[in-house]
Amino acid sequence: MTHKTLFEQISLKKSYLCVGLDTDIRKIPAHLLKEADPVFAFNKQIIDATLDFCVSYKPNIAFYEAMGAKGWESLQKTIEYIPKSHFTIADAKRGDIGNTSGLYARTFFDPTSSGLSFDSVTVAPYMGSDSVLPFLEFENKWVILLALTSNSGSADFQRITADDKPLFEHVLIKSQEWAGADRMMYVVGATQAKDLKYIRGIVPDHFLLVPGVGAQGGSLEEVSKYGMNKSCGLLINASRSIIYAGNGTDFAIKAGEEAQRMQQEMAVYLDKYCNQIERPF
Ligand SMILES: O=C(O)c1cc(=O)[nH]c(=O)n1[C@@H]1O[C@H](COP(=O)(O)O)[C@@H](O)[C@H]1O
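Criteria and cut-off values
Residues numbered from 1 in each chain as written. Predicted model: local features only at pLDDT ≥ 70, side-chain atom pairs only at ≥ 80, totals over all residues. UniProt positions renumbered as here; feature names shortened; annotations may be inferred. Core = buried A, V, L, I, M, F, W, Y, C linked by C-beta atoms within 7 Å. Buried ≥ 20, exposed ≤ 12 C-beta atoms within 10 Å, placed from the backbone. Helix = DSSP H or I, 4+ residues; strand = E, 2+ residues; numbered from the N terminus. Contact = placed C-beta atoms within 7 Å. Pairing = 2+ DSSP bridges. Axes fitted to C-alpha atoms, helices over the stretch in contact; angles between N-to-C directions. Right-handed = clockwise from strand over helix to strand, strands pointing away.

Naming follows an unreviewed UniProt entry, where the chain appears as Orotidine-5'-phosphate decarboxylase of Dyadobacter psychrotolerans. Word for word, the UniProt comment on the chain under Sequence similarities (unreviewed entry) is "Belongs to the OMP decarboxylase family. Type 2 subfamily." If you open the UniProt record of the chain and go to Catalytic activity (unreviewed entry), you find "orotidine 5'-phosphate + H(+) = UMP + CO2".

Right, dumping it as structure tokens:
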């Protein structure tokens with residue numbers, strides 16, 4: 001999916017919501033456990049219920065890998081089920097020596113190899129250019145690079161100053177040599193909203209994937225106010241607060257209601273803060 005198509009979907013839906021499919025077999029409603037593939041049965045109903053209110057889905061790969069071969073099968077079925085109109089993110093946080101990164105890229109981008117064809121993958125920048133570039137060899141696929149993450153430990157390394165700049169700023173600057181705003185996004189946690197204005201100064205045109213609203217307590221309005229650019233430039237993820245909004249037979253209805261509530265709030269912020277040159281909505 002291109003930058004332009006993603007913005008068109010955002011404009012159409014009046015939403016920049018990414019639903020996180022962090023599906024934990026230990027947390028899904030009991031009545032689904034009798035299904036042949038409970039994880040896929042859960043995801044299918046969540047997707048059906050939230051489709052109209054979001055533009056993206058982000059399965060966190062850990063939740064599937066933890067289940068071994070069965071989990072991988074659930075992931076494949078889930079990705080096949082998501083309509084092409086929605087931007088898919090493999091939240092895998094990969095990155096290794098070039099030779100190995102190339103195989104990680106095939107895992108998520110080459111369906112003839114793994115059965116999976118995501119639009120993007122989250123990548124850790126720590127090992128540098130040759131660990132990231134193999135992901136960019138796949139045409140039309142995106143890298144989402146960790147910049148300033150939502151967790152409390154993010155300060156341990158990401159805020160260390162070198163040459164008068166925090167490490168996350170070096171990541172934002174250096175990585176622009178590898179790809180532009182048409183192939184690269186950055187992860188900035190919603191819990192770091194006060195830094196968003198500063199980050200926007202460094203990467204004015206890039207999309208930012210912002211997790212950490214909902215269960216982690218980040219503010220949707222603050223992120224929107226400080227993070228939005230002229231083509232929205234935000235994908236805001238919520239996982240647990242949507243997919244576990246209910247726990248009974250009506251879990252999908254509850255998830256849909258929570259996704260709709262967020263979409264309605266987003267429509268207001270698009271009107272208020274995405275007020276620049278082109279506004280197709
Ligand atoms: O890359 C991510 O998506 C990510 C980066 C980050 O800084 N913080 C963060 O929470 N995430 C992921 O975003 C999701 C957040 O889930 P909830 O807290 O349940 O909304 C999880 O899948 C996390 O692994």
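On we go from here.
### Considering the nonpolar core
L17, I144, L145, A147, L234 and I236 are the most contacted members of the largest nonpolar core, which has 84 residues in total. By residue number, the principal contributor to this core is helix α13 (residues 251-273), which donates 8 residues. Ignoring any residue separated from it by four or fewer positions in sequence, one finds I144 in contact with I89, S120, V121, T122, V123, M185, V187 and L209.

### Describing the sheet that holds strand β4 (residues 120-123)
Each strand in a sheet pairs with another by means of backbone hydrogen bonds, the pair being arranged parallel or else antiparallel. Taken together, the 8 strands give a closed barrel; going around it, the order is β1-β2-β3-β4-β5-β8-β9-β10, and neighbouring strands pair in parallel fashion. Within this sheet the neighbouring strands show an average axis-to-axis angle of 30°, counted without direction. Bridge analysis of strand β1 (residues 17-21) against strand β2 (residues 56-59) gives 4 bridges, and the strand direction is parallel. Looking across to β2, one finds that G20 is bridged to K58.

### Section: the environment of T191
Relative to the elements of secondary structure, T191 occurs in the loop between β8 (184-188) and α10 (196-202). Distance from T191 to N247, taken between C-alpha atoms, is 27 Å for residues 56 residues apart in sequence. Contacts of T191, omitting those with residues within four sequence positions, involve S150, G212, Q216, G217 and G218.

### A word on the pairing of β2
Going residue by residue along β2, you find S56 and K58 tucked away on one face and Y57 and P59 tucked away on the opposite face as well. A crossover connection joins β1 to the parallel β2 through helix α2 (residues 38-50); in handedness this β-α-β unit is right-handed. Both β2 and strand β3 (residues 87-94) contribute to a ladder of 2 bridges, which runs parallel. Note on β3: the bridge partner recorded for S56 is F87.

### Description of the environment of Q158
The residue Q158 is located in helix α8 (residues 154-158) in this model. Judged by local crowding, Q158 falls into the buried class, with 21 C-beta atoms found within 10 Å. For the pair formed by Q158 and V210, sequence separation is 52 residues and the distance between their alpha carbons is 16 Å.

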